[in-house]
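Each chain, letter by letter, is given below.
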Amino acid sequence: MNLHEAARRLPDIAVLRDHCRGLAVLHAILEPQAVRRFCAFAVAEYGPQTARLRHGDGRWLRVDFSEAGALLHWHKKPGQGRPEVLDGIPKTLQPILRDVRCDCLADSRLLAAALWREEDDDVWRATGDFAPGASPSLLRCLTDRSPGRARRFAAKRYGMPCDLEAVRHVIGLRPLTDTLIASLNPALTRTDLAPDLTAAGYPPMTGLPLVRNLSTAGPEAITQPARPSLTSPLHPVTTSLVSSLQPHGSDLLALDRARRDVELFRHRDVSGLITTAVFRHKADHDQQHFTDLGAKVDSDMVAIGGGASAVDSPHGALLTASYPTDDGSAWLASSKDHDVPEPHRLTAFAIGMKIDRVSRERLAEELLTVVHTRSRHTAHPYVSARVPHGHTLIGGGFRVNWQDPRCADANGNLATASFPRAGGAWTVRSKDHQISSPCTIDAFAVCLRSSFVIDGVEYTVRAWTDFAESEDGPVPHPSAALLLHSSGHVLTGIGAEVLPTDPGSLLWQLEPTTDGTAPGVRSGAKHHGQWSAATLCAWALGIRLQRS
């Protein structure tokens, strides 16, 4: 879809603004943590209303609405924009870029393309025919405003199915009930969503009857009250959620600064086509909790695996996350002390992969798939992310959501397992420990197409998976290690599992390692606050290509 075609398909400004509101609330329901959403809408006390849509690989667009009109613009990476785009935007709309503090005013090469419509105009206009770096899926979310399109985009981004009628209800700006919200995310209520509804200017409740079962209710089961006027003026609303329009949280933004993480080792598979490398990044200061500390991979690679190390003494700090960024540029890690203060320096590890004669874009968007699945809200959450048909599991990760709104005053929930399960799934577990702290946990399964073509030749992925148990039976501080001594495979993923005991042990270490000739994994767990012996398993995954 070129820009002029997109301009013809975009609706009136008021209709587009309301559609963006509905999309933002849908994403707020599916993802409680604002910085992880792929769509957001915010209204500052003064100035433009702003919608932002983000692709999984880091590309993003935003639509800014003001009294002068609307401006839709793309950004990707520094230096990939076109300076002439800024000159093509009407002067009546350029103040929008100042009001939203767009970085492209300082560096016009950040701006890839733009569409706009002035308040008194009856058509959208474009800077050119194409948008370098723009994502068609983001544009289609605005030009195709059907519930089906919104559901497909959200389901792909969050890895969870969405009820079509519930999606239709939300993007239609119909008043929300707890029953309807629960059909999309059982962990949330309308009270939890209140700040997001305010930020999006979502219509208030007007006596909408409850829908008892959205999975079986048809369209007629949802009563639609009178819609607010689509031509209503901007409503100034003060909100603290404008920061949700950033592509990542503050810790992730640090990844964009010039920084080269330490490369520990790299290997090539027997075909000579696949290269994987391990990178390390260590925090430069002590703190009690770390959230999303990232280890970056080389720019021509995609992060497919990784891990982290906190500390096991004197009191210990435990792992709460090890998972990939949305754009595949880094692997993220989180940790925390528990009950007893333990300032520490977290170390994050990333496994990057590239395939000769396959572009990074093709690898990230066509060949690799990350399946993301969320557990129930409970004291000992667990869940598995299943591998889709035609794919091979090559790695995985986890994220304990102990900081989500429902757990804001909780002491914390801690990881106990992240490992491949027979039958094609990545399984994760966590638990509260001594202090009640229920939450959810996310599983991430990193999957590669089982066969694909390179330069006209079809190749098949051959996988290798193995595990090793800790020695000497159950002990308070179990550790396990395993080397990938196999036939020409490269390391792609690592995992660990503490076999359940009571009161239980917790993961503090999960890192890729090598003996100088073969790559592998090293993992560690520990009891905490109360004596408990456990057995630990370490897992390693590898692949090689073979001509079909």
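Each chain carries its own residue numbering, running from 1 in the written order of its sequence. Selection of residues for local features in this predicted model requires a pLDDT of at least 70, selection of side-chain atom pairs for listing and counting requires 80 or more, and totals for whole chains, interfaces and linings are taken over all residues. With hydrogens and water set aside, each side-chain value is computed from the structure's full complement of heavy atoms.

## A look at the overall build of the protein
Alright, step 1. Each helix is a run of H or I in the DSSP string that is no shorter than four residues. Each strand is a run of E no shorter than two, and both are numbered from the N terminus. Helix and strand content of the protein: 11 helices and 26 strands.
Alright, step 2. Accessible area is worked out with a 1.4 Å probe on protein chains only. A residue is then buried under 20% of its type maximum, exposed over 50%, and partly exposed in between. Classification of the 548 residues of the protein by burial places 59% in the buried group.
Alright, step 3. A fraction of 73% describes how many contacts in the protein between residues 6 or more apart in sequence connect residues 24 or more apart.
Alright, step 4. Note on areas: Shrake-Rupley, 1.4 Å probe, and residue coverage restricted to the protein chains presented here. Counting every atom, the protein has about 22,100 Å² of accessible surface; 49% of that belongs to carbon and sulfur. Contacts are assigned to residue pairs with any non-hydrogen atoms lying within 4.5 Å of each other.

## Notes on the packing of aromatic side chains
Alright, step 1. The aromatic pairing rule takes the rings of Phe, Tyr and Trp, using the six-membered ring of Trp, and pairs them if the centres are within 6.5 Å, calling planes under 30 degrees apart stacked, those over 60 edge-to-face and the rest tilted. Counted according to the given criterion, the structure contains 5 aromatic pairs.
Alright, step 2. Chaining the aromatic ring pairs together yields one cluster made of Phe-419, Phe-467 and Trp-539.
Alright, step 3. Only when the NZ of Lys or the CZ of Arg is both within 6 Å of the ring centre and within 35 degrees of the ring normal is a charge said to sit over the ring. Directly above the ring of Tyr-323 sits Arg-399, whose terminal nitrogen or CZ lies 5.0 Å from the centroid.

## Considering the nonpolar core
Alright, step 1. Counting residues in hydrophobic clusters, the biggest one holds 75 residues, and the most contacted among them are Met-353, Ile-355, Leu-363, Leu-368, Leu-448 and Leu-545.
Alright, step 2. By size, the runner-up hydrophobic cluster in this structure holds 53 residues, among which are Phe-38, Ala-126, Ala-166 and Val-167. The term nonpolar core refers to a set of buried residues drawn from Ala, Val, Leu, Ile, Met, Phe, Trp, Tyr and Cys, joined through side-chain atoms within 4.5 Å.

## Topic: the sheet that holds strand 15 (residues 382–386)
Pairing between sheet strands relies on hydrogen bonds along the backbone, with the strands arranged either parallel or antiparallel.
Alright, step 1. Here 7 strands make up an open sheet; going across it, the order is 15-18-17-23-26-21-20 and the pairing antiparallel. Edge positions in the sheet fall to strand 15 and strand 20 (451–454), since each of these pairs with one other strand and no more. Direction aside, neighbouring strands of the sheet carry axes that sit 30 degrees apart on average.
Alright, step 2. Note on pairing: DSSP must find at least two bridges between two strands before they are called paired. The pairing of strand 17 (residues 413–421) with strand 23 (residues 490–498) spans 2 bridges and is antiparallel. By the bridge assignment, Ser-418 is partnered in strand 23 with Ala-496. In this description, a line fitted to the C-alpha atoms serves as the axis of each element, helices being fitted only across the stretch in contact, and the angle between N-to-C directions of two axes falls anywhere from 0 to 180 degrees.

## Quick notes on the pattern of salt bridges
Alright, step 1. Every case where a carboxyl oxygen of Asp or Glu lies within 4 Å of a side-chain nitrogen of Lys or Arg is listed as a salt bridge. For the structure shown, the criterion picks out 22 salt bridges.
Alright, step 2. One salt bridge connects Arg-266 with Glu-263, and the closest N-O pair in it is separated by 2.7 Å.
Alright, step 3. Through salt bridges with shared partners, a single ionic network connects Glu-31, Arg-374, Arg-399 and Asp-442.

## Side note on the packing of helix 2 (residues 13–30) against helix 6 (residues 147–158)
Alright, step 1. At a minimum axis distance of 11 Å, the contact between helix 2 and helix 6 shows a crossing angle of 35 degrees. In this structure, helix 2 crosses over helix 6, and the sense of that crossing is right-handed. Every residue of helix 6 that contacts helix 2 at Leu-23, Leu-26, His-27 and Leu-30 is listed here: Ala-150, Phe-153, Ala-154 and Tyr-158. For a crossing to be left-handed, the near helix must be turned anticlockwise from the far one by less than a right angle; the clockwise case is right-handed.

## Details of the pairing of strand 14 (residues 368–374)
Alright, step 1. In terms of residue burial, strand 14 counts as a mostly covered element, since 5 of its 7 residues are buried.
Alright, step 2. One ladder, built from 7 bridges, connects strand 14 with strand 19 (residues 441–449); its direction is antiparallel. The partner of Leu-368 across the bridge, within strand 19, is Leu-448.

## Regarding helix 2
Alright, step 1. One fewer than the residue count of a helix, multiplied by 1.5 Å, yields its expected span. The first and last C-alpha atoms of helix 2 sit 26 Å apart over 18 residues, in line with the 26 Å expected at 1.5 Å per residue.
Alright, step 2. Here helix 2 lies mainly inside the structure; 17 of its 18 residues are buried.

## A closer look at the packing of helix 2 against helix 9 (residues 190–200)
Alright, step 1. Packing of helix 2 against helix 9 leaves a shortest axis separation of 9 Å and a crossing angle of 165 degrees. Looking at the two axes, helix 2 sits roughly antiparallel to helix 9. Relative to helix 9, the crossing made by helix 2 is right-handed. Note on element contacts: helix 9 touches helix 2 through Leu-193, Asp-196, Leu-197 and Ala-200, opposite Arg-21, Val-25, Ala-28 and Ile-29. In this scheme, roughly parallel covers angles under 35 degrees and roughly antiparallel covers those over 145, while 65 to 115 is roughly perpendicular and the rest are oblique.

## Brief notes about the side chain of Thr-325
Alright, step 1. Relative to the elements of secondary structure, Thr-325 occurs in the loop between strand 11 (317–324) and strand 12 (330–337).
Alright, step 2. According to the relative accessible area criterion, Thr-325 is buried, its value standing at 8%.
Alright, step 3. Polar contacts here mean pairs of N or O atoms no more than 3.5 Å apart (in protein, one a potential hydrogen donor and the other a potential acceptor; neighbouring residues in sequence count only if both atoms are side-chain atoms). Among the polar contacts listed, one links the side chain of Thr-325 to the backbone nitrogen of Ser-329, at a separation of 3.2 Å.

## Some thoughts on the sheet that holds strand 7 (residues 262–268)
Alright, step 1. Pairing within the open sheet is antiparallel, and its 7 strands lie in the order 7-8-13-10-24-25-22. The sheet terminates laterally at strand 7 and strand 22 (479–483), the two strands that pair on one side only. Adjacent strand axes in the sheet meet at a mean angle of 20 degrees, parallel and antiparallel pairs treated alike.
Alright, step 2. By the bridge criterion, 7 bridges tie strand 10 (residues 302–309) to strand 13 (residues 347–355) in an arrangement that is antiparallel.

## Remarks on the environment of Asp-327
Alright, step 1. Along the chain, Asp-327 turns up in the loop between strand 11 and strand 12.
Alright, step 2. When its relative accessible area of 18% is taken as the criterion, Asp-327 is described as buried.
Alright, step 3. There is a polar contact of 2.9 Å between the side chain of Asp-327 and the side chain of Thr-325.

## Examining the environment of Leu-61
Alright, step 1. Along the chain, the position of Leu-61 falls in strand 3 (residues 60–66).
Alright, step 2. Setting aside chain neighbours within four positions, we find Leu-61 in contact with Ala-51, Arg-52, Leu-53, Leu-72, His-73, Trp-74, Leu-138, Leu-139 and Leu-142.

## So, the pairing of strand 3
Two faces, one strand: in a regular strand the side chains alternate between the faces of the sheet.
Alright, step 1. Across the 7 residues of strand 3, 7 count as buried, placing the element largely inside the fold.
Alright, step 2. Relative to strand 3, strand 2 (residues 49–54) runs antiparallel, the two being bridged by 6 bridges. Directly across from Leu-53, in strand 3, lies its bridge partner Leu-61.

In short, shape yes, function no, at least from these values alone.
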